[in-house]
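# Architecture at a glance
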Amino acid sequence: MQLQVPALPDRIPCTFSSLAGIIAAAFIIAKLYKRPNLDAIPTVGSSTWLGSWWAGIRFMTNAAEVIQEGYKKHKASPFKIARLYRWAVVVSGRELLEAVCKSPEDELSFVEATNDTLKVKYMMGQQIDANPYHVRIIRSQLTRNLGILSPDIRDEIVTAFEEILDLRGNEWKSVPALQTIQNVVCRTSNRIFVGLPLCRNPDWVDLNIKFTLDVVKGAMVIALFPNFLAPLVARFMTSVPGSKTRGMKHLGPIIEERWKHMDEYGKAWADKPVYFLSWLIDEAEGSQRSVQDLTLRVLAVNFAAIHTSSNGFTQALYHLAANPQYMQPLREEVESIVEQEGWSKGALAKMRKVDSFLKESQRMEGVASLSMTRKAMKDFTFSDGTVVPKGATVSVAAQPTHLDNEIYENADMFDPFRFANMHDDDGEGTKHQFVSTNLEYLAFGHGRHSCPGRFFAASELKSMLAHVVVSYDIKLEDNATRPQSLYVGSSIRAHPTAKVMFRRRADELIR
C-alpha cells in the first residue's frame, strides 16, 4: 500500500516538495521524540539511531524475514525490531504468550495498542473509542443468532456469486480473485449487518470496501504529525469524514424508520428485521442514538470484517485453484452432509474437511506476521526478568509460530486436511476447529481479546467454500503456480491482481 496524502485546498499554496518536507520533518521529530528505553532487549537489525531508520524501512518490505530471523535467534525470549515510528518488542513461546494473554488491560493493553495503530478516536470518533458496545453485540447477539441467519447467509452467497461472476454456458471465465471475493464478502456480511436491499447497493458496497483502506491510510498520515494536530489532520487530510457522510445518506432513512417503529410499537413488532443494525438501535442510549454514531459503528464493523475475511478466503481460493486434487474430497463431504442436513448451521459444523482447509490456509498465509499486539501501561516484567517499559508495544510472532516444525509436522507444506486428521486421531471435538484458538494457532489471536467475530466469519467462509466446490470448477490461468502473498509491514495480503478461472460445474448436484 502506498501512502497517499490528499491535496490541500487550492487557496493554500503548497508544492509537492514543501509537503514532502513537512512529512520528512514530522518523521524526524517522531524519531527524535523520547521513546521507551529498550536497550536491555536484544535487537534484530541495527540498534543505532541512523541504522534503526533503515531497519524501519526494511521492515515495511521484509517484515516476515526480520521477524523470522528474530524468532530463530531468540526463540521463546523477547527481542525488538525497528518499525517506522518506534521500536516493537516481539515474544514467542508458550510461557511468554500466556503472560501476554493473561495480563490485565492496566498492564498490557489491547485497546490502547489498537488506538495507537488505527487512531480510533480520530478515525471513528470519541464515542466509538470510549464505548465500543457494538463489539459486545457481535460477541453475543450475532453469534447466538447464526443458526437463524444461516438461510440469509446462504442466499446472499449464491446470489452474489451468480451475479458477480455472470457466467455464460459452460465456458471458463477469468476474474480478479481478490476483487471478486471482496464483493461477495461485503454483500454477504452486509446482508447480516444492514439487510436487503442495501447490502446489494453498489455505492454501499464500494464505500465499505474502500473504508478500510481509508482508515489505514488515514492512521498512517496522522502518525506523521504530533498528537495535538491529529484532529485537524483527520478532518482535512483523510477520506474518513467523506465516507461517514456517504454512509449516513444510506443509513439515515433506515435508522429514522426504525425509530419511528419503536416509538409506535416498542422494541418488538411483527416482521422486525433480525440483523446487526437492529440490535445496535435496540442497545443505543443517549447520543448513541444519532444517525452519525450508528453509521460509524456499522462502518467500524465492516472495517473489521470485510478485508480480513476477503483476504482469508482469497488465500484459500488460491490454494484450491493451485491444488485441484483437493476439490473432489471437499465436494464429496459437502454433498453427503447437505443431502442429510440441508444447508444449515448444523451442516456446516460437520464439514470438517472444509473447516480444516480454511484453517490450514490461514496457518500458512494468515493476515499478519505479528499478532496480539499490546501496549505497556506500566513497566511490565516477564518471568525471564525482561522488563518492557511503559509505553512500549509487545507483539507475538504469529507466522513463525505457525511455520515451526516443532509445533506442526512439515510446517512449510500445505496440508489441507491437517486439522481434520488431528480431530480423527485424538477425538477432541472442538480443539482443532477453525474458530478454536490456542497458543499454537494465533490467526484469531488468543485469550479474552481473541476475535469476537470469528464465529460469524467462519460460518460465512465455510458457506462460501462449500458453495464454490459444489457449484464451480476453478483453476489458475495458464496452469500458473499459486500467486504469492504481498507483505506490507507485518500485514500479509493475498495477491491483489491475480486471476482465477471459474466455470459452472457440469455435473452440479446441489444448489
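Strand order in this open sheet of three strands is β4-β12-β9, and the pairing throughout is antiparallel. Of all strands in the sheet, those bounded by a partner on one side alone are β4 (173-176) and β9 (472-476). Put simply, the sheet's adjacent strands are angled 35 degrees from each other on average, direction ignored. Two elements, β4 and strand β12 (residues 499-504), share four bridges in a ladder whose sense is antiparallel. Bridging across to β12, P176 finds its partner in K499.

Bringing the nonpolar core into the picture now. Residues I474 and F502 are the most contacted members of the largest nonpolar core, which totals 107 residues. The element contributing the most residues to this core is helix α14 (residues 291-322), with 15 residues. If near-sequence neighbours (up to four positions away) are discounted, I474 is found in contact with W172, L317, L320, A321, M327, V468, V500, M501 and F502. With 23 residues, the next largest nonpolar core counts I41, F380, A392 and L442 among its residues.

Confidence in the prediction for the protein averages 89 pLDDT; 91% of positions are at 70 or higher. Counting interchain partners and residues more than four positions distant, the pLDDT-below-50 stretch residues 1-20 has 21 contacts.

Across the sheet, which stays open at both edges, the five strands sit in the order β1-β2-β8-β5-β3 with mixed pairing between neighbours. Either end of the sheet is taken by a strand with one partner, and the two such strands are β1 (79-82) and β3 (108-109). In this structure, β1 lies alongside strand β2 (residues 87-91), joined through four bridges in antiparallel fashion. By the bridge assignment for β2, I81 is matched with A88. Against the sheet, helix α3 (residues 94-102) touches β2, β3, β5 (370-376) and β8 (393-397), its axis set at about 60 degrees to β5.

Further remarks concern helix α12 (residues 240-265). Over its 26 residues, α12 runs 35 Å from end to end, which matches the ideal 38 Å to within 8%, given 1.5 Å per residue. Where α12 bends most, at L251, the angle is about 45 degrees, and the proline P253 comes one to four residues later. Residues of α12 that are buried include every one of V240, S243, G247, H250, L251, G252, I254, I255, R258, W259 and M262, and no others. Here the buried face of α12 lies against α5 (120-123), α10 (202-222), α13 (276-283) and α14. Once α12 finishes, G266 follows within two positions and takes phi at roughly 85 degrees, a positive value.

Quick look at the pattern of salt bridges now. Overall, the coordinates contain 28 salt bridges when judged by the stated rule. Across the salt bridge formed by E360 and R363, the nearest N and O atoms sit 2.8 Å from each other. With a gap of three residues between them, E360 and R363 both fall in helix α17 (residues 352-364), about one helical turn apart. Both residues of the pair, E360 and R363, count as buried.

For the coordinates displayed, the defined rule picks out 11 aromatic pairs. Seen from their ring centres, F380 and F382 are 5.0 Å apart, and the 80 degrees between their planes marks the pair as edge-to-face. Each member of the pair, F380 together with F382, is buried. An aromatic cluster of at least three residues, connected via ring pairs, comprises Y326, F357, F414 and F417. The ring of W87 has K80 sitting right over it, with the charged end atom 5.4 Å from the ring centre. Positioned above the aromatic ring of F417, the side-chain terminus of K353 is 5.5 Å from the ring centre.

Our focus in this paragraph is the environment of G445. Here G445 lies in the loop between α19 (418-426) and α20 (454-471). Setting aside chain neighbours within four positions, we find G445 in contact with S371, M372, T437 and S450.

Our focus in this paragraph is the state of the cysteines. By definition, a disulfide links the sulfur atoms of two cysteines through a covalent bond. Under the defined criterion, the tally for this structure stands at zero disulfides. There is no disulfide at C186, and the cysteine sulfur nearest it, in C199, is 9.0 Å away. With relative accessibility at 0%, the residue C186 sits in the buried group. What makes C199 buried here is its relative accessible area of 0%.

This part covers the pairing of β12. Across five bridges, β9 lies against β12 in antiparallel orientation. Looking at the pairing, D473 lines up with R503 of β12.

Rules used throughout
- Residues numbered from 1 in each chain as written.
- Predicted model: local features only at pLDDT ≥ 70, side-chain atom pairs only at ≥ 80, totals over all residues.
- Heavy atoms only, no water.
- Pairing = 2+ DSSP bridges.
- Helix = DSSP H or I, 4+ residues; strand = E, 2+ residues; numbered from the N terminus.
- Axes fitted to C-alpha atoms, helices over the stretch in contact; angles between N-to-C directions.
- Core = buried A, V, L, I, M, F, W, Y, C linked by side-chain atoms within 4.5 Å.
- Buried < 20%, exposed > 50% of the residue type's maximum accessible area, 1.4 Å probe, protein only.
- Contact = heavy atoms within 4.5 Å.
- pLDDT = per-residue confidence, 0-100.
- Expected span 1.5 Å × (residues − 1).
- Bend = angle between axes of the 7 residues up to and from the residue.
- Salt bridge = Lys/Arg side-chain N within 4 Å of Asp/Glu carboxyl O.
- Phe/Tyr/Trp six-rings, centres within 6.5 Å; stacked < 30°, edge-to-face > 60°.
- Lys NZ or Arg CZ within 6 Å of the ring centre and 35° of its normal.
- Disulfide = S-S within 2.5 Å.

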